[in-house]
Amino acid sequence: MASVIIDIPSQNPLDLALNACSFENDGDIHELLKTLVRNNQWSTENATCLLKGLFKRIEKKEDRVNAQLWMKTVLHSIQINYVTPQLKVEGEKTITDLIDDQSKSDNDISLALESLSLIEKDIEEILEEISQQPLNQTDESVLNNVKDIVSSVHKCPSKPNGPDPHGLKKVLSDLYIAVKTTKKWEPRLTQMVSWCLLALSESGWLIQVGTGEGKSCIVAMFAAYRARKGHNVDILSSSSVLAERDMEDWLHFYEKLKITVDCNTKKVEPDAMKKCYKSKVVYGSAQSFAGDYLRHGFQREGVRGERHFDCAIVDEVDSLMLDKGLQMVYLSSEMPAMQHLNSLWALIWSIVNQYRQEGSETVGPFTTFFHVILKHIHVDGDFDKSTIFQMAEDMGTIPKGSVADLRRNSDDNVLLTKIKNVDAQQLAKFMETVENTFPSCHFALHIKNDKGELEELNTREQGGENNKQRVPFLYVNSGFCGYMHSNMETVFITAEERIKANLTFTPCNISHDNPTCYIPGFLQELINRKLRVWIENAFNAKTMTLGHEYILEGDEIVPVDYSCTGVVENNMKWSDGVQQFLELKHETKISNMSIITNFMSNVGLFQKYQGQLYGITGTLGNQLEIDTLQKLYTGIKTCEIPTFKRQKLFEIEGLITGEEQEWKQKICTVVESQIIPTSYRSPRAVLVICETINRAEALCAALGPNVPNIKPYTNNNKDNTSVTKQNLKAGDVIVATNLAGRGTDLKVSYDVNNAGGMFVLQTFLPENARVEKQAFGRTGRQGNPGSSQLIICTNHMSETLKNIMTQLCSLIQKEEEDHIMQYNSTRVGTFQIDMAKMSRDIVVSNKLSQYLNNHVPKLLKKEELFFEYVKLLEDVHTNYKDSKLYGSLVSSLNETWGMWLLMSFNERDSTEDLKTKLQTDIQKARQRLDNRLAPTSITHHYVLFGNALRSSDNLSESTDSYTKATQEDRCWVAIALYNRALNTLKRKDSNYITGALDDLENAVESLQFYQNLIVNTIFYSKLATTTPLTVTNTRLDKQLRTRQQVLECLKDNINEAIGKLKRARDMGGNVSVDEKLIFFLVPLYCLIPLEDFGQPAIRLLTSDVRKRQQHLNHPSFDILKELQALQCLGMTVIFTLDTVFSLGGFLSKILKLKLKSKLPD
């Protein structure tokens, strides 16, 4: 980063005054005055006058010690009350005037400063501030109406005076009284002003209300007003916790007004959801509203009843509209065929983990140097690789007799023993000989030297045949080396080549000689389209860190919204393989990839309210962010509401460090200085906000020895009541993530407020200024004192941010190259912090441009296609809703749509062209379905149709459907063959035993592919981990072992049936069929392992949905889940057979055998 030239000025007037007043040795007074200059907008001249006035008051006092202590207390009070030189503290007098007034006692001055905490703004001040705010988009006439309405109600709440043309005085009076009656306090002027602005508007508003200023009261009052007008009001919050809290807090208020209210979170059953949406006011998270919309329309559960999108009030509107505007909610839809990709995830992960970073180079994959050479030899005709081995033996690179041994045994292990002692110098000489012999070979051999740097051994100029580029690779040891890549593009290309080389698409035969990853042919098109994306995501997953982007909750990988809210997002999963790669990384239970068939974004949800969208937040953001919102939601206006008391929060000059250790030390120093009492103040409480859980834990450890009262607050899944429900006491230190930022109301004790309020220390540069302001807004609330500081480490910044910062510094220096930049030494940190924030704003600007011009249009295009698909689906609901085929038809179409979105959606195509293509493709799928044909080549569609037909006793058509499944891909037809065998046994046509026997024997053969899938997943996952192959107790091992166990049980069931069918065939008998649910496939003791099932089963009784989900992930439930997976693939029942013999049948069989033996050959 470019440096800044500093000119340290000579001693300033304040220092001279301190010396003249004999305070040069009093560090406290010196520091308090310097702090006023740095943080409270005092010039050195103003501070000098203040000092002289204070000195004049105490210079003649006999008790100099107490006099100086009073002086420090006054300076501290000026600081924490954010008293500026111009502020009128009593009448028209500034604090300096008051101190200079010898008629005022010391006590008068102290009382005047204390009274600053009690003064609330009047209606004129509030409206004047609104009119001066840059965010204000209301006119003078509206503000006059607001003044009239609010003033009337404020003066006489029970009977407001004057004309009431809008009818709002009476309404506000009722609401005012309801708040006072139920909450035992009165709405503030600022809250009533905010309500008036919303009530007077005919279209949407975005209002900025300071943190701690009572947004929930404004929301409840406006919701009640709209509900009494007959509208349905949806109150959307950024989290379910906040929604539940606010609904409970304001329940009695709504009851007082006879308005029904409910919260849509934690509603599981459709009846509970329907009841909830009958309420006039519904609180909930944006996710819940979006999910219920999908349940209502897509899943046709009708949970919203007749509720329309009348009015939405959005709390923390900037977070939901900007930070999470693209967040999509979707209802999970099982696509059983996706479990076939598990071995592919493991294969990709194993190959990606063969690459590693060495300085600026990515090195990998690693292989023997012979493989590198052989790959690059290009000669006419056949080439015997033993030629290379012989050259190596002749040069002494490998031992004598090696070639003969390799000819006798070509096993790789033999080669490895021959090359294990080759050193780098030997290899360099050998490479040179190879290059001289084969012109197609050009290598650049590197080693890692003692300094850990990469060094080339066989240095020479580029050249040779066609001036070819030399192939760089790094020699490691034992004959192994890795290709070196200077850019990720070549990494992705080589990784993709290796993955494709290990893939085999069915139908095919199983090869026991060459291990390969078998994938059903119907997934080939999907893989060809998405493989590159999955590879890139695997490399991303490698760099992701536990405790940063995600955490492990039990056996689940759970994302963390670390950059914005710090919330652990329990219901979120990453897409496009990232979730699966992280699961493989931690060897935890692997989930199936979801095919998204339904979705709703926050942007799409908000646009449904068509101009009746009202947002409230503490941070609307800068003009660029507001412009973005107004382009997305046309007609919406903005306004900033001032605080009801003068705000005293001030920011202390920030610090910036280059190294993490220095960063920790500075943070520890600052925290300790705040919680240690001084002669003029008691200890304060401190909130330390960290970027990630990892860094929070590291700072907890660093602070630990000297800070006894540390309270971690990093995970919303834990009990955090000691932080959120109790007043913070002097000396308490909360170490948190952004979880303690937006929406968190931290209370402090009276002593802490007197000492200066809570001190907020932000330890990283937040993603945008809004997140920063939300963090600092945890203190200095409701007119109370508070201060904040930013301490950041450049090593924690992204490379993009650091590069922009360097360019900005260089640009400034270039502009000032003819002048020395005059910065006081204490202002260097401020300059660097300013540069960091400017750089961040540039990044934010680019993101907003991408958001508005690329991401949102793409998302809305997808949503429009989704709505088009739902319309196309309506015809199926109309024509088939009473048919037993209804479920399988809808499921098949949903999968077709999901796959269409993955493979056919192109954001460059117009919406109309995409709609036309979608209509055509869905119509084709419908026609195939009407003809009992699967819409795609995915075989389990036929199995689902067959099951539906079998359940209606249509065994003939059911059998035909299973037969179609067996004709698509014979490798994955075990379930179709098993089900067809059951139909055959139930129909008992001629030769039914032979037919069923053939199907079951072929089913056993097909099961090999399913078992191979598991074996490959285990094999590839072990290649990518440091866990020894002998260790088989990871969560992934247990899951795959259970899957193997279920398949073995199925195999045993089939083999048992085969045995009985052969016996019946050989003895001229028949069989009887006993059908059971799939869950009877395994023995009862396997389904319910009593030794470890008890506690998890009991815990399922909890009402906490998240905890219940965690308990369901216990290994005890794996058997159940694997059986459910088989059920999704179409195996809904199993059967067992009993042989039935009769004397007549036995004699008939004997007679046939005898006749057969007499027939001529």
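Residues numbered from 1 in each chain as written. Predicted model: local features only at pLDDT ≥ 70, side-chain atom pairs only at ≥ 80, totals over all residues. Heavy atoms only, no water.

**Q** Where do I start with the overall build of the protein chain in this structure?
**A** In terms of helices and strands, the protein chain carries 46 helices and 29 strands. Oriented by its inertia axes, the alpha-carbon framework of the protein chain measures out at about 140 × 85 × 60 Å. Out of the 1161 residues in the protein chain, the part that is buried amounts to 53%. Pairs at least 24 residues apart make up 74% of the contacts formed inside the protein chain by residues separated by at least 6 positions. Counting only carbon and sulfur atoms, one obtains 49% of the accessible surface of the protein chain, whose full area is about 52,000 Å². A gap of 6 Å separates the mean positions of the 131 positive and 145 negative side-chain charges of the protein chain. (Helix = DSSP H or I, 4+ residues; strand = E, 2+ residues; numbered from the N terminus. Buried < 20%, exposed > 50% of the residue type's maximum accessible area, 1.4 Å probe, protein only. Contact = heavy atoms within 4.5 Å. Areas by Shrake-Rupley, 256 points an atom, 1.4 Å probe, with all protein chains shown as cover. Lys, Arg positive; Asp, Glu negative; His and termini not counted. Charge placed at Lys NZ, Arg CZ, Asp CG, Glu CD.)

**Q** What is the right way to read the sheet that holds strand β10 (residues 361–368) from this model?
**A** The pairing of strands in a sheet happens through backbone hydrogen bonds and is either parallel or antiparallel. Taking strand neighbours across the sheet as the criterion, the six strands line up as β9-β10-β14-β13-β11-β12 in an open arrangement whose pairing is mixed. Of all the strands in the sheet, just β9 (356–358) and β12 (454–456) have a single pairing partner and so form its edges. Adjacent strand axes in the sheet meet at a mean angle of 40°, parallel and antiparallel pairs treated alike. Strand contacts of helix α18 (residues 369–376): β10, β11 (443–448), β13 (471–477) and β14 (480–485), with the helix running at about 95° to β10, the strand carrying the most contacts. (Pairing = 2+ DSSP bridges. Axes fitted to C-alpha atoms, helices over the stretch in contact; angles between N-to-C directions.)

**Q** Quick question: what am I supposed to make of the environment of S239 here?
**A** Positionally, S239 belongs in the loop between β4 (233–237) and α12 (240–249). Residues S239 and A286, 47 residues apart in the sequence, show an inter-C-alpha distance of 7.6 Å. Within the local environment of S239, its side chain forms a polar contact with the backbone nitrogen of L242, the two atoms lying 3.2 Å apart. (Polar contact = N/O pair within 3.5 Å; in protein donor to acceptor, adjacent residues only side chain to side chain.)

**Q** How do you make sense of the layout of surface pockets when you look at a structure like this?
**A** Roughly 1,200 Å³ of volume is contained in the second largest pocket. Only α17 (342–352), β10, α18, α21 (412–419), β13, β14, α23 (488–501) and α40 (992–1023) provide two or more residues apiece to the lining of the second largest pocket. The element best represented in the lining of the second largest pocket is α23, accounting for six residues. Here the lining of the second largest pocket is composed, by residue class, of 20 nonpolar, twelve polar and six charged. (1 Å grid on protein atoms, 1.4 Å probe; cavity = no way out; pocket = protein on both sides within 12 Å on 5 of 7 lines; lining within 4 Å. Points joined across faces, edges and corners; volume = space filled by probe spheres on them. Nonpolar A, V, L, I, M, F, W, Y, C, P; charged D, E, K, R; others polar.)

**Q** Teacher, can you tell me more about the nonpolar core here?
**A** Within the largest apolar cluster, 164 residues are counted, with the highest numbers of intra-cluster contacts made by L344, I348, I527, W534 and W897. No other element matches α40, which puts 13 residues into this core. With 56 residues, the next largest nonpolar core counts V153, Y176, W250 and I641 among its residues. (Core = buried A, V, L, I, M, F, W, Y, C linked by side-chain atoms within 4.5 Å.)

**Q** Would you explain the state of the cysteines in this entry?
**A** Here, disulfide denotes a covalent bond that connects the sulfur atoms of two cysteines. This model, assessed by the stated rule, comprises zero disulfides. Free of any disulfide, C508 has its nearest cysteine sulfur in C971, 4.9 Å distant. Given a relative accessible area of 14%, C508 falls into the buried group. (Disulfide = S-S within 2.5 Å.)

**Q** Looking at this structure, I do not really get helix α35 (residues 886–903). What am I missing?
**A** Count 3.6 residues to each turn of an α-helix, and residues three or four apart come out pointing the same way. An ideal rise of 1.5 Å per residue puts 26 Å on 18 residues; α35 measures up with 26 Å between its terminal C-alpha atoms. By the criterion of burial, α35 is predominantly enclosed, with 15 of the 18 residues buried. (Expected span 1.5 Å × (residues − 1).)

**Q** Would you take a moment to explain the pairing of strand β17 (residues 550–553) for this structure?
**A** Look at any regular strand and the pattern is simple: side chains alternate between the two faces of the sheet. Across four bridges, the pairing between β17 and strand β18 (residues 556–559) is antiparallel. Within the sheet, the bridge partner assigned to Y550 lies in β18 and is P559.

**Q** Honestly, the packing of α35 against helix α37 (residues 940–951) in this entry has me stumped. Any pointers?
**A** Helix-helix packing is characterised by the crossing angle of the two axes and by the distance between the axes. Viewed as axis vectors pointing N to C, α35 and α37 meet at an angle of 165°, and their least axial separation amounts to 9 Å. Taken together, the axis directions place α35 and α37 in an arrangement best described as roughly antiparallel. The crossing of α35 and α37 is right-handed. Across the interface between the two elements, S888, L889, S891, S892 and E895 of α35 pack against H940, H941, L944, F945 and A948 of α37. The residue inventory of the contact of α35 with α37, partitioned by class, reads four nonpolar, five polar and one charged. (Parallel < 35°, antiparallel > 145°, perpendicular 65-115°, else oblique. Left-handed = near helix turned anticlockwise from the far one by under 90°.)

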